[in-house]
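Each chain, written out:
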Amino acid sequence: MDPFDAGAGGILRQPKAVWATAGASVVAFMGIGLVDPILPSIAKGLDASAGQVSLLFTSYFLITALAMLVTGFVSSRIGGRKTLLLGLAFVVVFAGLAGTSDTVGQLVGYRAGWGLGNALFVSTALAVIVGAAAGGSAAAILLYESALGLGMACGPLLGALLGDASWRYPFFGTAFLMAIGFLCITVFLKEQPKPARKTSLLDPIRALGHGGLASAAVSAFFYNYTFFTVLAFTPFVLNMTPYKSGAVFFAWGVLLAVFSVLVAPRMQKRFGSLKVLGGSLVLLAADVLVLGYGNHTAAIVCTILSGAFIGVNNTVYTELALGVSDAPRPVASAGYNFVRWFAAAAAPYFAPKIEEWTDVHIPFVVAAVTALLGAVVVVVRRRALTHEAAELEPKHASEDSVTVFAN
């Protein structure tokens, strides 16, 4: 069945609860790239350095990584609907507070609270969409992936449009949109059945004892360092107005969405997941090297082009994390995310530091090396990462109370 079919069970014919959750997911994913075009404006407005402002990503993803041990514990006890609403409430409060910050320290702290809310919401959203969707999981997952791509594309655009007037407005705008999402989910979404088995705090750590899942997490750790060097450090290198920077990252997000939803599945079907992932990581490494050493035009082109490789990587890593081990998908996902999001926290901190210690080119050299290390892990551990049909138990399909955050 074509998931784009407008008939019963197609992506376009879903209950209001699914659309409410998907719409809130778009805004949640927007929060990741929202600050990209306004990073220089924030630095100027709060009299902060590039390194200090980049901590907005570090605090956000450090809390996100740690929260991965908590989200399954929470959602398996209070249910998906309450977990979504709790996450949305955190985002509304802390995004609003972020807009009132007088110092970069306050802003970094509020951004950490925002990260906790986003982790609670996004880690539960796909499971809720799948549970409430008509026509099975295929259309629901595609809708979720589309929400991810749309959010990643529109985040920088919203940040640019509102941030051109004041760097504070994007934070207030996000709080307002998430408040609307809170109301929509309150009205349209009924409580989902709780998992039969409650998740403990240590289950995700135990799941990493599986060689395939640990290999996927380590490879994704290296890849995420590259990903977030591009996302958090490049705006300072481009040094453009919020509008121009927002346009660049909007185009980046569009490529990410298209390659994640449309291109990656076709490439996997033709060449196999591991070949696609290894090749995409090598191409991403080459892309960030040119980004770091090319002229300004080349840097813009390579920033946009990186969205294609990132979109492919996100899709393949998601499937590996959810299918490579015999652990329930919520538990495998939490363990995988616990490892990889530490790199998303590290890259925004270390990239400006490396520039201070050396020059502006070396952070991109490091990012290229980490992408290659991710590819090396895929090659060396290819047997452990190979999907085996026997491992994909049917019972997992009903256990998705937590999924891969932001792919």
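This text gives an overview of the structure that appears in the document. A quick note: this is a predicted structure, and the numbers were derived from the prediction, not measured.

1. Notes on the overall build of the protein chain
Thought 1: The helix and strand tally for the protein chain stands at 15 helices and zero strands.
Thought 2: Looking at the protein chain as a whole, 57% of its 407 residues are labelled buried.

2. Describing the environment of Tyr110
Thought 1: The residue Tyr110 is located in helix H5 (residues 104–132) in this model.
Thought 2: Sequence spacing of Tyr110 and Ser59 is 51 residues, and the spatial spacing of their C-alpha atoms is 8.9 Å.
Thought 3: Residues contacting Tyr110, with those up to four places away along its chain left out, are Phe94, Leu97, Ala98, Thr100 and Ser101.

3. What to know about the nonpolar core
Thought 1: Counting residues in hydrophobic clusters, the biggest one holds 118 residues, and the most contacted among them are Ile42, Phe61, Phe121, Phe171, Ile185, Phe228 and Trp252.
Thought 2: By residue number, the principal contributor to this core is helix H9 (residues 211–238), which donates 14 residues.
Thought 3: For Ile42, the residues in contact, after removing those within four places along its chain, are Asp47, Val53, Leu56, Leu107, Trp167 and Phe171.

4. Thoughts on unusual backbone geometry
Thought 1: Positive phi, normally seen in glycine, also occurs at Asp47, with a value near 55 degrees.
Thought 2: With respect to the helices, strands and loops of the structure, Asp47 is situated in the loop between helix H2 (39–45) and helix H3 (50–78).
Thought 3: With relative accessibility at 71%, the residue Asp47 sits in the exposed group.
Thought 4: The residue Asn239 is not glycine, and still its phi comes out positive at about 50 degrees.
Thought 5: Assignment of secondary structure puts Asn239 in the loop between H9 and helix H10 (242–271).

5. Digging into helix H7 (residues 169–188)
Thought 1: The end-to-end C-alpha separation of H7 is 29 Å, in line with the 28 Å expected for 20 residues at 1.5 Å each.
Thought 2: Listed in full, the buried residues belonging to H7 are Pro170, Phe171, Gly173, Thr174, Ala175, Met178, Gly181 and Ile185.

6. Description of helix H12 (residues 296–323)
Thought 1: Compared with an ideal rise of 1.5 Å per residue, which puts 28 residues at 40 Å, H12 spans 41 Å between its outermost C-alpha atoms and is within 8% of the ideal.
Thought 2: Counting buried positions along H12 gives 21 out of 28 residues, so the element sits mostly inside the fold.
Thought 3: N-cap assignment for H12: the residue whose side-chain oxygen lies 3.2 Å from the backbone N of Thr297 is Asn295.

7. Things to note about a nonpolar patch on the surface
Thought 1: Taken together, the side chains of Val70, Leu201, Leu202 and Ile205 define a hydrophobic patch exposed on the protein surface, amounting to about 310 Å² of accessible area.
Thought 2: Inspection of the secondary structure puts Leu202 in the loop between H7 and helix H8 (203–207).

8. Comments concerning the side chain of Ser219
Thought 1: Following the sequence through the fold, Ser219 ends up in helix H9.
Thought 2: Among the polar contacts listed, one links the side chain of Ser219 to the side chain of Tyr317, at a separation of 2.6 Å.
Thought 3: Leaving out residues up to four positions away in the same chain, Ser219 has contacts with Leu281, Tyr317, Gly374, Val377 and Val378.

9. With respect to the packing of helix H1 (residues 16–33) against H3
Thought 1: For the pair H1 and H3, the least separation of the axes is 10 Å and the interaxial angle reads 135 degrees. Put simply, H1 runs oblique to H3. Only Phe57, Tyr60 and Phe61 of H3 make contact with H1, whose side of the interface consists of Ala28, Gly31 and Ile32.
Thought 2: Within the contact of H1 with H3, the residues separate by chemical class into five nonpolar, one polar and no charged.

About the criteria used
- Residues numbered from 1 in each chain as written.
- Predicted model: local features only at pLDDT ≥ 70, side-chain atom pairs only at ≥ 80, totals over all residues.
- Heavy atoms only, no water.
- Helix = DSSP H or I, 4+ residues; strand = E, 2+ residues; numbered from the N terminus.
- Buried < 20%, exposed > 50% of the residue type's maximum accessible area, 1.4 Å probe, protein only.
- Contact = heavy atoms within 4.5 Å.
- Core = buried A, V, L, I, M, F, W, Y, C linked by side-chain atoms within 4.5 Å.
- Expected span 1.5 Å × (residues − 1).
- Polar contact = N/O pair within 3.5 Å; in protein donor to acceptor, adjacent residues only side chain to side chain.
- Patch = residues over 30% accessible without salt bridge, like charges linked within 9 Å, V, L, I, M, F, W, Y side chains within 5 Å.
- Areas by Shrake-Rupley, 256 points an atom, 1.4 Å probe, with all protein chains shown as cover.
- Salt bridge = Lys/Arg side-chain N within 4 Å of Asp/Glu carboxyl O.
- Axes fitted to C-alpha atoms, helices over the stretch in contact; angles between N-to-C directions.
- Parallel < 35°, antiparallel > 145°, perpendicular 65-115°, else oblique.
- Nonpolar A, V, L, I, M, F, W, Y, C, P; charged D, E, K, R; others polar.

All we've got here are geometric facts, nothing functional implied.
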